[in-house]
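Here is how the chains run, residue by residue.
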Amino acid sequence: MDTSTHHTLNDLFAQLGLASEDAAIDEFIARHHLAGDQKLAKAPFWSDGQREFLKEAIQDDSDWCEVVDELDTLLRH
């Protein structure tokens with residue numbers, strides 16, 4: 001039985017304390033970018049709390065890691 005939780009980008013943005021409507025997410029992605037090998041959690045546009053959440057999501061292989069990876073990919077456009 002799969003007991004994992006599937007989170008969406010909308011869920012992630014809400015968890016990060018950001019506007020989580022589709023249009024707000026699209027705007028965020030259009031305005032923010034990651035360069036080359038820059039780590040998502042080290043990007044300058046995060047607060048300390050957001051940075052820590054993103055870092056732990058990946059390090060702990062939490063149920064958030066897939067959607068955090070998705071955000072990382074979207075920010076590399």
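Because the structure is a prediction, the values reported are computed rather than measured. (Residues numbered from 1 in each chain as written. Predicted model: local features only at pLDDT ≥ 70, side-chain atom pairs only at ≥ 80, totals over all residues. Heavy atoms only, no water.)

Enquirer: Which residues make up the packing of aromatic side chains, and what are the values?
Expert: In the structure shown here, the tally under the stated rule is 5 aromatic pairs. A ring pair is formed by Phe13 and Phe28, whose centres lie 5.2 Å apart and whose planes are at 90°; its orientation type is edge-to-face. Here Phe13, found in helix 1 (residues 9-15), pairs with Phe28, found in helix 2 (residues 22-31); they are 15 residues apart in sequence, far enough to count as distant. The class for Phe28 is buried, based on a relative accessible area of 11%. (Phe/Tyr/Trp six-rings, centres within 6.5 Å; stacked < 30°, edge-to-face > 60°. Helix = DSSP H or I, 4+ residues; strand = E, 2+ residues; numbered from the N terminus. Buried < 20%, exposed > 50% of the residue type's maximum accessible area, 1.4 Å probe, protein only.)

Enquirer: Let's hear about unusual backbone geometry: which residues, and what values?
Expert: Residue Asp61 is not a glycine yet carries a positive backbone phi of 50°. Among the residues examined, Asp61 registers a relative accessible area of 59% and is labelled exposed.

Enquirer: Got a sec to walk through helix 3 (residues 48-59)? Specific residues and values, please.
Expert: The terminal C-alpha atoms of helix 3 lie 16 Å apart, and with 12 residues this matches the ideal 16 Å at 1.5 Å per residue to within 8%. Burial in helix 3 covers these residues: Gln50, Phe53, Leu54 and Ala57. Along the axis of helix 3, the buried positions cluster into a sector of 95°, meaning they face one direction only. Away from its buried face by more than 90 degrees, helix 3 exposes Asp48 and Gln59. In this structure, the buried residues of helix 3 make contact with helix 1 and helix 4 (65-74). Backbone geometry just after helix 3 places Asp61 at a positive phi near 50°. (Expected span 1.5 Å × (residues − 1). Arc of directions from axis to C-beta. Contact = heavy atoms within 4.5 Å.)

Enquirer: Tell me about a negative patch on the surface, residues and numbers included.
Expert: Taken together, the side chains of Glu56, Asp60, Asp61, Glu66 and Asp69 present a region of like negative charge at the surface. Mapped onto the fold, Asp61 is located in the loop between helix 3 and helix 4. (Patch = residues over 30% accessible without salt bridge, like charges linked within 9 Å, V, L, I, M, F, W, Y side chains within 5 Å. Areas by Shrake-Rupley, 256 points an atom, 1.4 Å probe, with all protein chains shown as cover. Salt bridge = Lys/Arg side-chain N within 4 Å of Asp/Glu carboxyl O. Lys, Arg positive; Asp, Glu negative; His and termini not counted. Charge placed at Lys NZ, Arg CZ, Asp CG, Glu CD.)

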